Amino acid sequence: MQNNCKNVYITTPIYYVNDVAHIGHAYTTIIADMLARYSRLTGHNTYFLTGTDEHGQKIAQSAEARGKTPKEYADEVSGKFKALWDDFGITYDKFIRTTDEEHKLGAQKAFEKMYAKGDIYKGEYEGFYCVSCETFFTEKQLIDEQFCPDCGKPTSIVKEESFFFKLSAYEDKLLKWYEENEDCILPRSKKNEIVNFVKNGLRDLSISRTSFEWGVKLPTSLNEPKHVMYVWLDALINYISALGYGSDEKNFNYWPASVHLVGKDILRFHAIYWPAFLMSLELPLPKHIAAHGWWTRDGEKMSKSKGNVVNPKEVADAYGLDAFRYFMLREVPFGQDGDFSQKALIDRINSDLGNDLGNLLNRISGMSGKYFDYKVDSKDVEKYHKKELDEVNAILENVEELIFNMQINRYLEEIWKVLTVANKAIGDYEPWTKMKEGKTDEAMALVALITNIMAKVAILLESVMPEKIALIATSLGIKINTELYNKVIVNKELLDTTTITKVDQLFPRIEEILLEQAPEVKKDKNEVEVKENEDLTEDNLITIDKFFETIIKVGTIVEAVEVPKSSKLLKLQVDLGEGRNRQVLAGIKEYYSAQELVGTQACVVANLKPAKLMGMLSEGMLLAAKDKDGLSLVRPEKPKISGTKIS
């Protein structure tokens, strides 16, 4: 982003009201809030949208199970989302609900326009439908001819009259858009997945239902009262209906979106369906669609049955909202899966926030108070500390581009390098020694240098930890706003004379976990227990959804070399159909030569967390069987397309 004023439009997904908010919802919303706060600080006209998705068969069924109408149930769950974001101080400009009348008008206008253009036609659909995902699948896509490939739940065969969107007509246009806009999907590795999916061919999309009524009705001009819109068409239109599309378009100057933030599980809908809908509506396409990973807890997938689901409010209440925000943004590179543990959170609080940030503010307060009655003057900073200033300014020169490239953890890493410069300068120049030697002006210059560095850091962290940074600003005698941002960050000017005020310790040290660990889950009274004399014990039985957590694909080995100084390892380059090769280190050197593997295929566990072996990254694991006669790789019986899923 450049610092010239422009419109910035940031969206979260609208969250489906089938459950309460969890850590994944909080993660998306905190990222969006950080982007919005930063955009406002840097002087841009900013519009931040979040909200709830409230239609579809799943909602109707959930409401019925609770003895409520769909609207009553949606009101209840949507209210909980809004209350949590308000409690978290999320600075959204609009909280949209798909039950809002304005949204319905926008969705109907979009449907009408696409129909008039000839991109929507009426037909009949028969397919395997997953109620949980609100998605149809072909028989080839199913797991074991029955189960949903996304969530693992059983599908049912549905046959009904439907309106279809000509998604197939937009295949080439979508591929052209991907090619011409390098960062339209972030991270870029996710873009490769989408491109490969589209290249395999797109089928026209069923966009209406007649088997239930809880949804947006089609436009009256079509005279089709028994149809409601497919929930994904209805939901995606929210990004423009929120700006007034179909009603009052006073905010439509914010379109196109600067960033659509989504979880990786709904990227396909946003990166294929949504751009195609927009092309049909002849509207500009979003600048970035950014997909983040999932969160586990202590290395395990979260689930209600395990009792290990992280409640974001409980964590924020126990450890502090700003500490929670910082942890979520710093802990994991955007796009990768992250693991939440209280130990990791405590380490971040005690080390990064307590020792590095909080302690530096204490040192400013202590030195300025002891030597200069809390008055700090920057007049000699450049005279004595040009080297440190240049180093800090060089680090900060390009940090802003990291934010909107969704490299927020790297953005924070760079800021912490600046704190290291400040802490090192105190040790190098020893202001207490300067004072003993009567070099008061040099001691003042050092204290002012540290104060100016802290001011830069505070400005750049305001969007990350607004409450704690407000305390730092009070301590430094500054007011963080666009004017100060331009002065200190853009123009690299120093602070005027300022008075330091002591504040309470920002991040008191935490010695032990503050929340109880996940309790042992009690068995439901109706659950069938495994008898002691049965051959299979509970320890070696898993549920089908647990099995589906492992993704195994056919990989083609395109290159193989021996790893020097290793008696077991071969370094392989494996094609998994992702647009790039994976590097896999395999301990099979005793059984296979590098040369005989090239061009052959093997079964690869594709969703393992990357690991380092002998200093080299390994991005997967080959499946093999070993007995007294040796080791054999597990391979497909006949050659398969690289990346083919094994089920």
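What you see is a predicted model, and the numbers here were worked out from it, not measured in a lab. For every chain, the first residue of its written sequence is number 1, and the numbers climb from 1 along that sequence. Given that this is a predicted model, residues contribute local features only at a pLDDT of at least 70 and side-chain atom pairs are listed and counted only at 80 or more, while totals for whole chains, interfaces and linings are drawn from all residues. Remark: hydrogens and water are excluded; side-chain values derive from all non-hydrogen atoms of the structure.

Engineer: How do you make sense of the packing of helix α13 (residues 381-396) against helix α17 (residues 440-461) when you look at a structure like this?
Structural biologist: The geometry of a pair of packed helices is captured by two quantities: the angle between their axes and the separation between those axes. Here an angle of 0 to 180 degrees is reported between the N-to-C directions of two axes, which are lines fitted to C-alpha atoms, with helices fitted over the stretch in contact. Each helix corresponds to a stretch of at least 4 residues labelled H or I by DSSP, and each strand to a stretch of at least 2 residues labelled E; elements are numbered beginning at the N terminus. Where α13 contacts α17, the axes come no closer than 9 Å and their chain directions differ by 20 degrees. Relative to α17, the element α13 lies roughly parallel. Handedness of the crossing formed by α13 with α17: right-handed. Contacts from Val381, Tyr384, His385, Glu388, Leu389, Val392, Asn393 and Leu396 in α13 reach Asp441, Glu442, Ala445, Leu446, Ala448, Leu449, Asn452, Ile453, Lys456 and Leu460 in α17. Following the grouping adopted for this structure description, the nonpolar residues are Ala, Val, Leu, Ile, Met, Phe, Trp, Tyr, Cys and Pro, the charged ones are Asp, Glu, Lys and Arg, and the polar ones are all others, Gly among them. Here the contact of α13 with α17 is built from residues that sort into 11 nonpolar, three polar and four charged. Relative orientations are named as follows: roughly parallel for angles under 35 degrees, roughly antiparallel for angles over 145 degrees, roughly perpendicular for angles from 65 to 115 degrees, and oblique for any other angle. Should the near helix be turned anticlockwise from the far one by less than a right angle, the crossing is termed left-handed; should it be turned clockwise, right-handed. The contact definition used throughout considers only heavy atoms, calling two residues in contact when any of these lie within 4.5 Å.

Engineer: When you look at helix α18 (residues 466-476) in this model, what are you seeing that I'm missing?
Structural biologist: Partly exposed describes any residue whose relative accessible area lies between the buried limit of under 20% and the exposed limit of over 50%, with all areas from a 1.4 Å probe on protein chains only and scaled to the type maximum. Listing the buried residues of α18 in full gives Pro466, Ile469, Ile472, Ala473, Ser475 and Leu476. Glycine 477 occupies a position one or two residues after α18 and carries a positive phi of about 75 degrees.

Engineer: Is there a simple way to think about the confidence of the model for the protein in this case?
Structural biologist: A residue's pLDDT is the predictor's confidence in that residue, given on a scale from 0 to 100. Across the protein, pLDDT averages 90, with 94% of residues at or above 70. Every residue in residues 519-540 is under pLDDT 50, and counting partners more than four places away or in other chains gives nine contacts.

Engineer: Teacher, can you tell me more about the sheet that holds strand β1 (residues 7-16) here?
Structural biologist: Each strand in a sheet pairs with its neighbour through backbone hydrogen bonds, running either in the same direction (parallel) or in the opposite one (antiparallel). When DSSP finds two or more bridges between two strands, those strands count as paired. Judged by pairing direction, the sheet is parallel, and its six strands sit side by side in the order β3-β2-β1-β11-β12-β7 without closing on themselves. In this open sheet, the two edge strands, each paired with only one partner strand, are β3 (94-97) and β7 (185-186). By the bridge criterion, two bridges tie β1 to strand β11 (residues 259-263) in an arrangement that is parallel. Residue isoleucine 10 lies in a different strand from β11, and its bridge partner there is valine 259.

Engineer: Would you take a moment to explain helix α2 (residues 57-65) for this structure?
Structural biologist: Every α-helix carries 3.6 residues per turn, so stepping three or four residues along brings you back to the same face. Buried within α2 we find Gln57, Lys58, Ile59, Ser62 and Ala63. Against the buried residues of α2 lie β1, α3 (70-87) and β4 (120-130). Glycine 67, located one to two residues past α2, shows a positive phi value of around 70 degrees.

Engineer: What's the story with empty space enclosed by the protein in this structure? I'm lost.
Structural biologist: Regions of empty space are outlined by a rolling probe, equal in size to a water molecule, passed over the atoms. Computed over the protein atoms alone on a 1 Å grid, cavities are sets of points where a 1.4 Å probe fits but cannot get out and pockets are open sets with protein on both sides within 12 Å along at least five of seven lines; a residue lines them when it has an atom within 4 Å of a point. Grid points are joined across faces, edges and corners, and a volume is the space filled by probe spheres set on the points. Inspection of every chain in the model, using the stated rule, returns one cavity of 30 Å³ or more. Within this model, the largest cavity holds a volume of roughly 40 Å³. Surrounding the largest cavity, Tyr27, Ile31, Leu329, Val332, Phe334, Ile408 and Asn409 form its lining. If you list the elements that add at least two residues to the lining of the largest cavity, you get α1 (23-41) and α15 (408-429). Among the residues making up the lining of the largest cavity, the classes are represented as six nonpolar, one polar and no charged.

Engineer: What is the right way to look at the pattern of salt bridges in this model?
Structural biologist: A pair can form between side chains of opposite charge whenever their charged atoms are brought close. Think of a salt bridge as a Lys or Arg side-chain nitrogen and an Asp or Glu carboxyl oxygen that are within 4 Å of each other. Within this structure, the stated rule accounts for 39 salt bridges. One salt bridge connects lysine 424 with aspartate 428, and the closest N-O pair in it is separated by 2.7 Å. Pair noted here: lysine 424 and aspartate 428 are both in helix α15, with a separation of four residues, about one helical turn. Aspartate 428 sits in the partly exposed class, given a relative accessible area of 47%. In this structure, glutamate 578 and arginine 582 form a salt bridge, with 2.9 Å as the shortest nitrogen-oxygen distance. Each of the two residues, glutamate 578 as well as arginine 582, counts as buried. Each of the salt bridges in this network shares a partner with another, and the network as a whole consists of Glu54, Lys71, Asp75 and Arg97.

Engineer: What exactly am I supposed to notice about the environment of glycine 620 here?
Structural biologist: Residue placement: glycine 620 occurs in the loop between β23 (616-618) and β24 (621-622). For the pair glycine 620 and phenylalanine 507, spaced 113 residues apart in the sequence, the C-alpha separation amounts to 39 Å. Apart from residues no more than four positions distant in its own chain, glycine 620 is found in contact with Gln583, Val584, Val604, Val605 and Leu608.

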